[in-house]
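Each chain, letter by letter, is given below.
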Amino acid sequence: MTDAAEKLEARIAELRAEVRRAVTAGDRATARQLRAELRRTEDAWDSAVLGAEAPQAEESAERTEAAAMPIREHVHRALTLIGVPASPKLVLAVHESFFSGAVAPARLTSLRRDEERSFRASPFTRPYYICAALTADHLAPARGLMAVSSWPLAQRMIGPLSPRVDLLSVAIRLAEHIAAQPDCGAGARRVLWKLAVTVPGVQGSPDTIDHAAVIDAATRELEVHREEDTRRRADAARRANQQLDEAARLFGVRLGMANRRRNEVG
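On a predicted model such as this, the values are computed, not experimentally measured, just so you know.

Rules behind the numbers
- Position numbers for residues count from 1 along each chain, tracking the sequence in the order it is written.
- In keeping with the predicted nature of the model, local features appear solely for residues at pLDDT of at least 70, side-chain atom pairs appear and are counted solely at 80 or more, and the whole-chain, interface and lining totals rest on all residues.
- The basis for every side-chain value is the complete set of heavy atoms in the structure, and neither hydrogens nor water enter the calculation.
- Here an axis means a line fitted to C-alpha atoms, over the contact stretch when the element is a helix, while the angle between two N-to-C directions is reported on a 0 to 180 degree scale.
- To qualify as a helix, a DSSP run of H or I must reach at least 4 residues; to qualify as a strand, a run of E must reach at least 2; elements of each kind are numbered from the N terminus.
- Oblique is the label for every angle not falling under 35 degrees (roughly parallel), over 145 degrees (roughly antiparallel), or within 65 to 115 degrees (roughly perpendicular).
- Note: crossing handedness is left-handed where the near helix turns anticlockwise from the far helix by less than a right angle, and right-handed where it turns clockwise.
- Throughout, a residue-residue contact means that at least one pair of heavy atoms, one from each residue, lies within 4.5 Å.
- What makes two strands pair is DSSP finding at least two bridges between them.
- The term salt bridge refers to a side-chain nitrogen of Lys or Arg lying within 4 Å of a carboxyl oxygen of Asp or Glu.

> Can you walk me through the packing of helix α5 (residues 88-98) against helix α8 (residues 186-196) in this structure?
What describes two packed helices is the angle between their axes and the distance between those same axes. The geometry of α5 relative to α8 is characterised by a closest axis approach of 7 Å and an angle of 150 degrees between their N-to-C directions. Here α8 runs roughly antiparallel to α5, going by the angle between their axes. In terms of crossing hand, the pair formed by α5 and α8 is left-handed. For the pair α5 and α8, the contacting residues are Leu90, Ala93, Val94, Ser97 and Phe98 in the first and Gly187, Ala188 and Val191 in the second.

> Explanation requested: the sheet that holds strand β3 (residues 157-158) in the structure shown.
Whether parallel or antiparallel, the strands of a sheet pair through hydrogen bonds between backbone atoms. An order of β2-β1-β3 is seen for the three strands of this open sheet, with the pairing classed as mixed. The two strands at the open ends of the sheet, each matched to only one other strand, are β2 (141-148) and β3. When strand β1 (residues 130-135) meets β2, the two strands line up antiparallel, connected through four bridges. Looking at β2, one finds that Ala132 is bridged to Met146.

> I tried to follow unusual backbone geometry on my own but got confused; where do I start?
Working note: non-glycine residues mostly have negative phi, and peptide bonds are mostly trans. Even without being a glycine, Phe124 presents a positive backbone phi close to 60 degrees. When you line up the elements, Phe124 lands in the loop between α6 (111-121) and β1. The phi dihedral of Leu139 is positive, around 60 degrees, even though this residue is not glycine.

> Explain the pattern of salt bridges here, please?
If the charged atoms of two oppositely charged side chains come close together, the side chains can form a pair. Overall, the coordinates contain 17 salt bridges when judged by the stated rule. A salt bridge links Arg117 to Asp114; the shortest N-O distance between them is 2.9 Å. With Arg117 and Asp114 both in helix α6 and three residues apart, this pair spans about one turn of that helix. A salt bridge links Arg238 to Asp235; the shortest N-O distance between them is 2.1 Å. Of this pair, Arg238 and Asp235 both sit in helix α9 (residues 211-243), separated by three residues, roughly a single helical turn. Through salt bridges with shared partners, a single network forms among Glu228, Arg231, Arg232, Asp235 and Arg238.

Honestly, it's all geometry; don't read function into it.
Below is the structure:
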């Protein structure tokens, strides 16, 4: 078998085990989602082993492997490149421009809720969860921002300066990635341009933007805000560790509950 088919076969075994765990935990919603993913992966395996035509085998295998990935893995891959909490819109833009495999925007709507349900039913059975960024003041879920559970807690905190700091950080990371991967397409440069055009000193169109200039300008502005933002995030992370349980540190709490816990600790 091809490498892609062997990977799909390994993924089938993983999905079967995850379905069993979800059923055992009584998490029927996750079990149904995993079972549907298992069927798609099995179909992809059949296509890779029995139906791929030789002239298109490599490209077909790559598409098949991407199609077999669960939505959470697509999002994790994009967030790992982004490196900071991000909106679904940015996650989709980065995924579509830098990676293969289609992600339907509607599938992101319930992802974080499904991840929380899975975690609460069987904590830490997965290597990571798509979770929430937390507001530094109330330790509540930051509206519309996705993060990865394996990131340090302070990295998932959002203070007053964090949106600007994170935008600058993403611009630097994407510019470095594009510079290292010259075959990135026009879509990747367009995503970078939309972020970097807000940075003083950056000029040009999506086709002419200078990666080195983006890195230099964003780094200069980042130095102005980074120390204060890092301090605020670290303070918020310490409070979260003192006041919240494991699930709340990943997915946040309602404001009323957060205030009660703060009063109890204080």
